[in-house]
Amino acid sequence: MKAFFSKLSQALMLPIALLPAAGIMLGIGGSFTNQTMVEAYNISILQEGTILNNFLQVMTGAGDIVFGNLPLLFALAIAIGFARAEKGAAALAATISFLVMNVSIAKTLAVAGMVHNGNVVLMGTEYAGILGNMLGISNTMNMGVFGGLIAGGITVILHNKYHDVELPDFLGFFAGARFVPIVSAFSALFYGIALVFVWPFVGALFGSLGGALGDLSASGYGFIASFVFGIIERSLIPVGLHHVFYLPLWQSEIGGTAQIAGQLVKGTQNIFFASLANGDYSQFSSTNFMTGKFPFMMFGLPAAAFAMYTLADEKNKKAAGGLLFSIALTAFLTGITEPIEFTFLFLSAPLYYFIHVPLAGISFMLMDLLNVKVGMTFSGGFIDFSLFGMLPGLTGTTNHWYYIPLVGAIYAPIYFILFRWYIVKFDVKTPGRKGSAVATVSKQEYRDAKSGKGGNDALVDGMIEALGGKDNIVDVDACITRLRISVKDGDKVKDNDYWTQQLGAKGLVKVGGTGIQAIYGAQAAGYKAAINSKLGR
């Protein structure tokens, strides 16, 4: 089960990787077409009808279309991520399945007379907020990303079973990968009809969960939900399952619903970006499961890295400083914190779970109590903070963004003092301390890994050997910070110390018996390409 969810988390990173680009377009376009800001500062070149304003509106629409079609992107991601072969054919089949599923739903609702006053009627009960439009299909059921997961999941099961099917000679043209879109389309016809009679109950359950969170927030106790979210989300980082946990809250009605510009929007992230595009944050709940990341990612963890640097041996200061400054800067700018977190997680789990995780939970709680309304694309770094916090705040939106650096200024010394105290008290051998190794990877090594050639051959060969050799490797993929590898026998894979001391990894996680995650930060994608090149894939 761990291995499955690890693979699911890996697959979901494909559409998530698109969000920063879409978010930047929305952030810039939405902020500078905000009429409150334009009128307040009387910026003539941004007035309606100007060339710049027209361009920014196009930019806003370009960013918005990505968020509006995430269900289809998730269907594609599941198909590509789980397909064992012919991934392109799997993606095409998933697209066809998603379209047929939605058309089947819309037509079934119409011919069965199950639509009344914009609601779905099933067994005498009206279910509100379910109907929506998808890719030009009117009055289908808006299942959010779950619709994409259903279509993509069923498609990939069929694909892996039939992508190499053989048919009689007179049907030979339709054999193999060509058969998959056909069987997927017919399957989508039937499970689309079935969903008409199932999803209203599921949607109502999700809606009730979202409603409970909304009631909790309205009652003044939303900070409890934010605190619990922060604790769970950070606790799942070591096994790489945090994406599976937070995505339903960010992308479905479990994370809340809001009426924005006449449209029902579901999910915390979708509500935030719809609010950004519309210039109205009144419907964006402070219990948002997003803003709490900024204080500890931008300020807390970099301060922890500085504490580790101050405790390095004098002879190792330069090497330790190079490593720790690099990963601290990455955390501050982008919110990619796993390189820092894995630096101390494997050295002392209590330092991670009993100091870092509670501080992260408190950060979410404080942002909720202070009513800070700053969203993000995928993580809480300065880039997202400036685009979706400072920029809207400085251009007329009340989002209380300034509390983030204020709380961060408090969090930085707290992290520094607690980490330094704990490391000394329990004699944790952080990078460069008391002769411990300082694992670094040069820029040239990264370039070589990305191209799959050059002087990095020995390192890549070492990774393959540490995975038990070519014959033991089933699949090599990567998310933003991790190599995610499936092997036949996990016992043949070298342990964490070998990967961190000999191969430059920040840490190694074994998920189930065959799932391997090697944490390399932003270098992971380059190493994936290099390993697959060596394997001839």
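What this report covers is the structure whose coordinates are included nearby. Because the structure is predicted, anything quoted here is derived from the model rather than measured. (Residues numbered from 1 in each chain as written. Predicted model: local features only at pLDDT ≥ 70, side-chain atom pairs only at ≥ 80, totals over all residues. Heavy atoms only, no water.)

Focus on the overall build of the protein
Here is step 1: In terms of regular secondary structure, the protein is built from 22 helices and eleven strands.
Here is step 2: Against the compact-globule benchmark of 24 Å for 537 residues, the protein has a radius of gyration of 25 Å, which places it among compact chains.
Here is step 3: Its C-alpha atoms put the protein at 75 × 70 × 45 Å along the principal axes.
Here is step 4: Evaluated residue by residue, the protein yields a buried proportion of 53% over its 537 residues.
Here is step 5: Within the protein, contacts between residues separated by at least 24 positions form 70% of all contacts whose residues are at least 6 apart in sequence.
Here is step 6: Put simply, the protein shows about 22400 Å² of open surface, and 63% of that area lies on carbon and sulfur atoms.
Here is step 7: Taken together, the 34 basic and 31 acidic charged side chains of the protein have centroids lying 7 Å from each other. (Helix = DSSP H or I, 4+ residues; strand = E, 2+ residues; numbered from the N terminus. Rg over C-alpha atoms; globule rule 2.2 N^0.38 Å. Buried < 20%, exposed > 50% of the residue type's maximum accessible area, 1.4 Å probe, protein only. Contact = heavy atoms within 4.5 Å. Areas by Shrake-Rupley, 256 points an atom, 1.4 Å probe, with all protein chains shown as cover. Lys, Arg positive; Asp, Glu negative; His and termini not counted. Charge placed at Lys NZ, Arg CZ, Asp CG, Glu CD.)

Some thoughts on the sheet that holds strand β3 (residues 125-127)
Here is step 1: The strand order across the open sheet built from three strands is β1-β2-β3, with neighbouring strands paired in antiparallel fashion. This sheet does not close on itself; its edge strands, each paired only once, are β1 (115-116) and β3.
Here is step 2: Two elements, strand β2 (residues 119-122) and β3, share three bridges in a ladder whose sense is antiparallel. For Val 121, the partnering residue across the bridge sits in β3 and is Glu 126. (Pairing = 2+ DSSP bridges.)

Details of the packing of helix α4 (residues 51-68) against helix α5 (residues 70-82)
Here is step 1: At a closest axis distance of 5 Å, the pairing of α4 and α5 adopts a crossing angle of 55 degrees. Taken together, the axis directions place α4 and α5 in an arrangement best described as oblique. Here α4 contributes Val 66, Phe 67 and Gly 68 to the contact with α5, which in turn contributes Leu 70, Pro 71 and Leu 73. (Axes fitted to C-alpha atoms, helices over the stretch in contact; angles between N-to-C directions. Parallel < 35°, antiparallel > 145°, perpendicular 65-115°, else oblique.)

Comments concerning the packing of helix α14 (residues 317-334) against helix α15 (residues 338-345)
Here is step 1: Two elements in contact, α14 and α15, have axes separated by 8 Å at closest approach and are oriented at 130 degrees. Looking at the two axes, α14 sits oblique to α15. For the pair formed by α14 and α15, the contact residues are Leu 324, Ile 327, Ala 328 and Ala 331 on the first element and Pro 339, Ile 340 and Thr 343 on the second.
Here is step 2: Split into classes, the residues belonging to the contact of α14 with α15 amount to six nonpolar, one polar and no charged. (Nonpolar A, V, L, I, M, F, W, Y, C, P; charged D, E, K, R; others polar.)

A word on the pairing of strand β5 (residues 137-141)
Here is step 1: Across three bridges, the pairing between strand β4 (residues 131-134) and β5 is antiparallel. Opposite Leu 131, over in β5, you have Met 141 as the bridge partner.

Considerations on the packing of aromatic side chains
Here is step 1: What the rule picks out here adds up to 33 aromatic pairs.
Here is step 2: Both rings, one in Trp 401 and one in Tyr 402, keep their centres 6.1 Å apart while their planes meet at 70 degrees; by these two values the pair is edge-to-face.
Here is step 3: Judged by relative accessible area, which is 17%, Trp 401 ranks as buried.
Here is step 4: Classification of Tyr 402 as partly exposed rests on a relative accessible area of 38%.
Here is step 5: What links up through ring pairs into an aromatic cluster is the set Phe 294, Phe 299, Phe 332, Phe 382, Phe 385, Trp 401, Tyr 402 and Tyr 403.
Here is step 6: Against the face of Phe 173 rests Arg 178, its NZ or CZ located 4.6 Å from the ring centre.
Here is step 7: Residue placement shows Lys 317 over the ring face of Tyr 309; its charged tip is 5.5 Å from the ring centre. (Phe/Tyr/Trp six-rings, centres within 6.5 Å; stacked < 30°, edge-to-face > 60°. Lys NZ or Arg CZ within 6 Å of the ring centre and 35° of its normal.)

Comments concerning the sheet that holds strand β10 (residues 507-511)
Here is step 1: Read from one edge of the open sheet, four strands run β8-β9-β11-β10, paired in antiparallel fashion. Sheet topology places β8 (473-478) and β10 at the edges, where each strand pairs with a single neighbour. Neighbour-to-neighbour, the strand axes of this sheet turn through a mean angle of 20 degrees, independent of strand direction.
Here is step 2: Both β10 and strand β11 (residues 515-519) contribute to a ladder of five bridges, which runs antiparallel. Its bridge partner being in β11, Val 509 is matched across the sheet by Gln 517.

A look at the environment of Ala 412
Here is step 1: Assignment of secondary structure puts Ala 412 in helix α18 (residues 403-425).
Here is step 2: When the C-alpha positions of Ala 412 and Phe 296 are compared, they lie 7.8 Å apart, and in sequence the two are 116 residues distant.
Here is step 3: The contacts of Ala 412, once residues within four sequence positions are left out, are Phe 299 and Ala 303.

Quick notes on the pairing of strand β7 (residues 263-266)
Here is step 1: Sheet topology note: the strand β6 (residues 257-260)/β7 ladder contains four bridges and is antiparallel. From the neighbouring strand, Ile 260 faces β7, where its bridge partner is Gln 263.
Here is step 2: Counting the residues that bridge the hairpin from β6 to β7 gives two residues, and of these Ala 261 lies at a positive phi of roughly 55 degrees.

Points about unusual backbone geometry
Here is step 1: A positive phi angle is found at Asn 139, which is not glycine, with a value near 55 degrees.
Here is step 2: Residue placement: Asn 139 occurs in strand β5.
Here is step 3: You will see that Asn 371, though not glycine, has its phi angle at about 60 degrees, which is positive.
Here is step 4: On the secondary structure map, Asn 371 appears in the loop between α16 (349-369) and α17 (382-394).

Quick word on the nonpolar core
Here is step 1: Ranked by size, the top nonpolar core spans 117 residues in total, and within it Met 101, Ile 340 and Tyr 415 carry the most contacts.
Here is step 2: Top element by residues in this core is helix α13 (residues 293-310). It accounts for ten residues.
Here is step 3: The contacts of Tyr 415, once residues within four sequence positions are left out, are Phe 296, Gly 300, Leu 301, Ala 303, Ala 304, His 356, Leu 359 and Ala 360.
Here is step 4: Core analysis: the second largest hydrophobic core is formed by 25 residues, Met 463, Ala 466, Ala 478 and Ala 524 among them. (Core = buried A, V, L, I, M, F, W, Y, C linked by side-chain atoms within 4.5 Å.)

Overview of the environment of Leu 171
Here is step 1: With respect to the helices, strands and loops of the structure, Leu 171 is situated in the loop between α7 (145-162) and α8 (179-196).
Here is step 2: For the pair Leu 171 and Leu 241, spaced 70 residues apart in sequence, the C-alpha separation works out to 43 Å.

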